[in-house]
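Per-entry structural report
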Amino acid sequence: ERVTSIDEMPTLIKVSNDLTNLAVGIDMALRKVKEHSQKRLVLDLVSPTIVTEGFERVHDFLDSIRAKLKNAKCTGLVLINPDAHTSEQVGIIDDIFDGTLMIERKIEHGKAKSKLRITGFTGGAYSTSPLDMEVTPRGLSISSQEHGNQIIQFDNDDEKASLGLPGIESLCVGGLPVGHTFLVWISTTMM
């Protein structure tokens, strides 16, 4: 069914393919979850939207969304495909966010191998060492030579678990800081 503006339901908000309506929809969603102790927003529209709306418009949108999320004490994850942009555009988008993570996936011996590493963080010292990621029946396995192996239980059975996104919270002790935004780079092979 085609959405032409904003359709609000008790637990779902459908928004048309328009950044202005999306911003209003995000405001509505943040008001609905105002009393929740943990709030998260994942945006996976940046790369394709830059093609249709233009870089400046999407940049301004992300900048305003970042401010809204900070005011609402909501953690935001924004996914982009760096291969779809110039290095200058990637750098400009990086500067909006409090942290940058890169997810890389390679096929080795017929099996997908995923790595995650922090490439920038304004909150203090961090390690750029890559962490191995693997989705297992027990949860997301995060491991490195320095710190061994840790299993992060999935919050739910949603399909998003196949990308390993629930495990991103493991990068900071006790989870991602509430009210901070992070930019996640995902390689073209994962899109």
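A brief look at the structure comes next. (Residues numbered from 1 in each chain as written. Predicted model: local features only at pLDDT ≥ 70, side-chain atom pairs only at ≥ 80, totals over all residues. Heavy atoms only, no water.)

1. Digging into the nonpolar core
Short version of the rule: Residues grouped as a nonpolar core are buried Ala, Val, Leu, Ile, Met, Phe, Trp, Tyr and Cys residues, joined through side-chain atoms within 4.5 Å. Each residue's exposure class comes from its accessible area (1.4 Å probe, protein chains only) as a fraction of the maximum for that residue type: buried when under 20%, exposed when over 50%, partly exposed otherwise. By the criteria applied, helices consist of DSSP H or I runs no shorter than four residues and strands consist of E runs no shorter than two, each listed in order from the N terminus. Only heavy atoms matter for contacts: two residues are in contact if any of them lie within 4.5 Å across the pair.
Formed by 22 residues in total, the largest nonpolar core has its most connected members in Ile26, Leu43, Val46, Phe61 and Leu62. Elements that contribute at least two residues to this core include exactly α1 (19-32), β3 (40-43), α2 (46-53), α3 (55-71) and β4 (75-80). A per-element tally of this core places α3 first, with six residues. Non-local contacts of Val46, meaning those with residues more than four positions away in its chain, are made with Val58, Leu62, Val78, Leu79, Ile80 and Ile93. In terms of nonpolar packing, the next biggest core, distinct from the first, is built from seven residues, Ile103, Leu116, Met133 and Ile152 among them.

2. Re the pairing of strand β8 (residues 139-144)
Let me state the cut-off plainly: For two strands to pair, DSSP has to find at least two bridges joining them.
β8 sits mainly inside the fold: six of its six residues count as buried. Here strand β7 (residues 131-136) runs beside β8; their pairing, made up of five bridges, is antiparallel. Note on β8: the bridge partner recorded for Glu134 is Ser141. When β8 meets strand β9 (residues 148-152), the two strands line up antiparallel, connected through five bridges. Residue Ser141 lies in a different strand from β9, and its bridge partner there is Ile151. Counting the residues in the hairpin turn of β8 and β9 gives three residues.

3. Comments concerning the pairing of β3
Side chains Leu41 and Leu43 project from β3 onto a buried face, and the interleaved Arg40 and Val42 project onto a face without burial. Sheet analysis places β3 next to β4, joined by four bridges and oriented parallel. When the sheet's bridge partners are listed, Val42 is paired in β4 with Leu77.

4. Some words on the pattern of salt bridges
This is how the line gets drawn: In what follows, salt bridge is the name for a side-chain nitrogen of Lys or Arg lying within 4 Å of a carboxyl oxygen of Asp or Glu.
Considering all chains together, one arrives at six salt bridges under this definition. Between Asp27 and Lys68 there is a salt bridge whose closest N-O contact spans 3.2 Å. Of the two residues, Asp27 sits in helix α1 while Lys68 sits in helix α3, which places them 41 residues apart along the sequence. For Arg57, the salt bridge is made with Glu53, and the minimal N-O distance between the two is 2.7 Å. Here the salt bridges share partners, and the residues they tie into one network are Arg66, Lys70 and Asp98.

5. Describing the side chain of Ser144
By secondary structure assignment, the location of Ser144 is in strand β8. When neighbours within four sequence positions are excluded, Ser144 is seen to be in contact with Pro130 and Leu131.

6. Some details on the packing of α2 against α3
Pairs of packed helices are described in terms of their axes, by the angle between the two and the distance that separates them. Put simply, the rule is: The convention used is that axes are lines fitted to C-alpha atoms, helices contributing only their stretch in contact, and that angles between N-to-C directions extend from 0 to 180 degrees. Angle categories: roughly parallel below 35 degrees, roughly antiparallel above 145, roughly perpendicular from 65 to 115, and oblique for all the rest. Three residue categories are used. Nonpolar comprises Ala, Val, Leu, Ile, Met, Phe, Trp, Tyr, Cys and Pro, charged comprises Asp, Glu, Lys and Arg, and polar comprises the others, including Gly.
Viewed as axis vectors pointing N to C, α2 and α3 meet at an angle of 135°, and their least axial separation amounts to 7 Å. The orientation of α2 relative to α3 falls into the category oblique. Judged by residue contacts, Val46, Thr49, Ile50 and Glu53 of α2 engage Phe55, Arg57, Val58 and Leu62 from α3. Counted by class, the contact of α2 with α3 contains five nonpolar, one polar and two charged residues.

7. Some words on α2
So the rule is basically this: Throughout, the arc means that of the directions going from the helix axis to the C-beta atoms.
Of all the positions in α2, only Val46, Ser47, Thr49 and Ile50 are classed as buried. The buried residues of α2 occupy an angular sector of 165° when the element is viewed end-on, so they sit on one face. Set apart from the buried face of α2 by more than 90 degrees, the exposed residues are Val51 and Thr52. Contacts made by the buried residues of α2 are with α1, α3, β4 and α4 (87-94). A positive backbone phi angle near 100° is found at Gly54, which sits one or two residues after α2.

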